[in-house]
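Residue strings, one per chain:
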Amino acid sequence: MTRIFLLALIGFIGTVHAQQDRSKYIKKVLTFCPDADITEYESKTDYVEVEFLCDGEVFEMGIDQNFNIIFRENETEIQPVIMGIIQKKLNKKHTGWLLDEHVLVTTEDTSYYRFEIIKEGIEQNVYFSLEGKNFKPKGIVSLEPWNEENLKSAVIMQQSSYPFLTPTTTYDLPDLLREISGLAVLNDSIIYAVQDELGIVFKYNLKSNQIEEMKKFTDIGDFEDLYLNGDDLVVLRSDAAVFKINKNKNASQVLPIFLPINSMNVEGVYFDKTTGRTLIASKEALLNRAANERHIYSFDLTNINNKPKIELTININDIALFLTEKYNFDHKQPVQFNPSAVAIHPVTKNHFILSASHRLLIEYQQGKLIAVYPLPATIYYKPEGLCFTNNGDLYISSEGSKDGLFAGQVFYFKSK
């Protein structure tokens, strides 16, 4: 009875704190529009987004953890001359795409137009300055437990095989891949990628910055990662279903293979060529297991009736202890580690696991944690994809935000 009471009390306190924080965000909206009618409230990775009506007009507002307004959006009229300039650019660069809607985005230091265009049920955003020129929004980052400056002095970052603070090459992705959630590398020019909401594999050329092919294999869902094994592309859905697609053939409708895993929220998938088994990373703690543990499972996709094996157990307490002992900064908030990608280094055979939560990359050697690499938010907005080349070079993909303030990116790191 005492335990139940304590759990209820903890839940009540958490709810009170959440409501207090929510009231502060709403109060900030009211400083802009005293009579605002709140219609939607949503917590993002680094900020809160509030939708509201003000004098009959619909607004969206982003507010960071310090309760500063970082952007607002609202519908607006565009002068015919400027609209004509924009329409010509859309017709030239986005042939066949239909204009759906546009809004004015206002940030602390600039304003620009965001246009939503649509083709064959696929939506993407394009951006223009108030003069009608092509425009690229810049990222807005809020507080982080670590930053580029204090990571530069960390010995473990200096000794890493990869220049995490200075990526060898950074590729900005088109808006259609803004929500990239996983990638697989074919060669130094071509990657395959999936994004969260579309049952499509994108073949993307990093050098020409062009989508070369789109393979639709199913309808909408929550697609988290993929790997390439020979001609086969294997895509993971968050409910532990995988889709097997031949990269050289039309995909059409592909039936899912449901894996017997005790988790409804998985995000990372990898094919281990040494064992011939597929690894699956569970994002959350499993039922009836320790809350501070995350698991990497191993499957034989040629016989899914065999029970999965636990390949690796991640202890979040070990990660927190490592951060305390190896880095010279305080992390007052509890460490969050929810795997979004997993891969095995082709040379060392060490396991690398990525977490978008708190932006952490960890390395295990024979089941032992040997490194934790914090990834600063000024470089990585939401790191979700991870893969190696055959010689050990590394690629990390970072998802952008739905509102377009943060672009999707791929980072390439040449091994030292």
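Please refer to the structure placed before this passage.
Residues numbered from 1 in each chain as written. Predicted model: local features only at pLDDT ≥ 70, side-chain atom pairs only at ≥ 80, totals over all residues. Heavy atoms only, no water.

Visitor: Run through the nonpolar core, naming residues and quoting values.
Guide: If you look at the biggest cluster of nonpolar residues, it comprises 46 residues, and the most contacted ones within it are Phe164 and Ile319. Ranked by the residues each element gives to this core, the list is headed by helix H5 (residues 316–326), at five residues. Setting aside anything within four residues of it in sequence, one finds Ile319 in contact with Ile314, Val335, Phe337, Leu360, Ile362, Leu369 and Val372. (Core = buried A, V, L, I, M, F, W, Y, C linked by side-chain atoms within 4.5 Å. Buried < 20%, exposed > 50% of the residue type's maximum accessible area, 1.4 Å probe, protein only. Helix = DSSP H or I, 4+ residues; strand = E, 2+ residues; numbered from the N terminus. Contact = heavy atoms within 4.5 Å.)

Visitor: A description of the packing of aromatic side chains should follow, citing residues and the corresponding values.
Guide: On inspection of all chains with the given rule, the structure shows 20 aromatic pairs. Ring centres 5.0 Å apart and planes at 40 degrees place the aromatic pair Phe164 and Tyr373 in the tilted group. Linking Phe164 in the loop between helix H4 (155–159) and strand E8 (169–172) with Tyr373 in strand E24 (residues 368–374), this pair joins segments that are 209 residues apart in sequence. When sorted by exposure, Phe164 lands in the same class as Tyr373, which is buried. Arranged with centres 5.2 Å apart and planes meeting at 70 degrees, the rings of Phe352 and Phe388 form a pair that is edge-to-face. Here Phe352, found in strand E22 (residues 351–355), pairs with Phe388, found in strand E25 (residues 383–388); they are 36 residues apart in sequence, far enough to count as distant. (Phe/Tyr/Trp six-rings, centres within 6.5 Å; stacked < 30°, edge-to-face > 60°.)

Visitor: I'd love a proper account of the environment of Thr324, names of residues and values included.
Guide: Looking at the secondary structure, you find Thr324 in helix H5. Within the local environment of Thr324, its side chain forms a polar contact with the backbone oxygen of Ala320, the two atoms lying 3.0 Å apart. (Polar contact = N/O pair within 3.5 Å; in protein donor to acceptor, adjacent residues only side chain to side chain.)

Visitor: Describe helix H2 (residues 80–93), naming the residues involved and giving the relevant values.
Guide: Taking 1.5 Å of rise per residue, the 14 residues of H2 would be expected to cover 20 Å, and the 20 Å separating its terminal C-alpha atoms lies within 8% of that figure. Those residues of H2 that sit buried are Ile82, Met83, Ile86 and Leu90. Mapping the buried residues of H2 onto a view down its axis gives an arc of 95 degrees, with all of them on the same face. In H2, the exposed positions that point more than 90 degrees away from the buried face belong to Pro80, Val81, Lys88 and Lys92. (Expected span 1.5 Å × (residues − 1). Arc of directions from axis to C-beta.)

Visitor: Would you mind going over a negative patch on the surface in detail, with residue names and values included?
Guide: A cluster of acidic side chains, namely Glu75, Asp100, Glu101 and Glu123, defines a negative patch on the protein surface. With respect to the element layout, Glu101 can be found in strand E5 (residues 98–107). (Patch = residues over 30% accessible without salt bridge, like charges linked within 9 Å, V, L, I, M, F, W, Y side chains within 5 Å. Areas by Shrake-Rupley, 256 points an atom, 1.4 Å probe, with all protein chains shown as cover. Salt bridge = Lys/Arg side-chain N within 4 Å of Asp/Glu carboxyl O. Lys, Arg positive; Asp, Glu negative; His and termini not counted. Charge placed at Lys NZ, Arg CZ, Asp CG, Glu CD.)

Visitor: Now, about H5: what can you tell me, with residues and values included?
Guide: Within H5, the full set of buried residues consists of Ile316, Ile319, Ala320, Phe322 and Leu323. Across the axial projection of H5, the buried residues extend over an arc of 160 degrees, all falling on one side. Packed against the buried residues of H5 are H4, strand E19 (293–299), strand E20 (309–315), strand E23 (360–365) and E24. Among the residues of H5, the N-terminal cap falls to Asn315, whose side-chain oxygen and the backbone nitrogen of Asn317 are separated by 2.8 Å.

Visitor: Pulling in residues and values, what's your account of the environment of Arg289?
Guide: Among the structural elements, Arg289 can be located in the loop between strand E18 (277–282) and E19. Assessed through its relative accessible area of 39%, Arg289 is described here as partly exposed. The residues touching Arg289, leaving out its near neighbours within four places in the chain, are His295 and Ile310.

Visitor: Any chance you could break down the sheet that holds strand E17 (residues 266–272) for me, citing the residues and the numbers?
Guide: Within the open sheet, the four strands sit side by side as E17-E18-E19-E20. Their pairing is antiparallel. The open sheet has two edge strands, E17 and E20, and neither has a second partner. Here the strands of the sheet are splayed against their neighbours by 20 degrees on average, with no regard to which way each runs. Sheet topology places E17 next to E18; six bridges connect them, and they run antiparallel. When the bridges of E18 are listed, Phe271 appears paired with Thr278. Contacts between H5 and the sheet are confined to E19 and E20, with E20 contributing the most and set at about 40 degrees to the helix. (Pairing = 2+ DSSP bridges. Axes fitted to C-alpha atoms, helices over the stretch in contact; angles between N-to-C directions.)

Visitor: Could you give an account of the layout of surface pockets, with specific residues and numbers?
Guide: In this structure, the largest pocket encloses a volume near 990 Å³. Of all the secondary structure elements, the ones that give two or more residues to the lining of the largest pocket are H2, strand E7 (122–128) and strand E12 (210–216). For the lining of the largest pocket, the element with the highest residue contribution is E7, accounting for six residues. For the lining of the largest pocket, the class distribution of residues is 14 nonpolar, nine polar and 11 charged. (1 Å grid on protein atoms, 1.4 Å probe; cavity = no way out; pocket = protein on both sides within 12 Å on 5 of 7 lines; lining within 4 Å. Points joined across faces, edges and corners; volume = space filled by probe spheres on them. Nonpolar A, V, L, I, M, F, W, Y, C, P; charged D, E, K, R; others polar.)

Visitor: If you had to explain the pattern of salt bridges to someone new, which residues and values would you point to?
Guide: Tallied over the entire structure, the rule returns 12 salt bridges. One salt bridge connects Lys283 with Glu267, and the closest N-O pair in it is separated by 3.0 Å. Note that Lys283 is positioned in the loop between E18 and E19 and Glu267 in strand E17, a separation of 16 residues in sequence. When its relative accessible area of 23% is taken as the criterion, Lys283 is described as partly exposed. Here Glu399 and Lys382 are joined by a salt bridge, their closest N and O atoms 3.9 Å apart. Of the two residues, Glu399 sits in the loop between strand E26 (394–398) and strand E27 (409–413) while Lys382 sits in the loop between E24 and E25, which places them 17 residues apart along the sequence. The network of salt bridges with common partners includes Asp175, Arg178 and Glu179.

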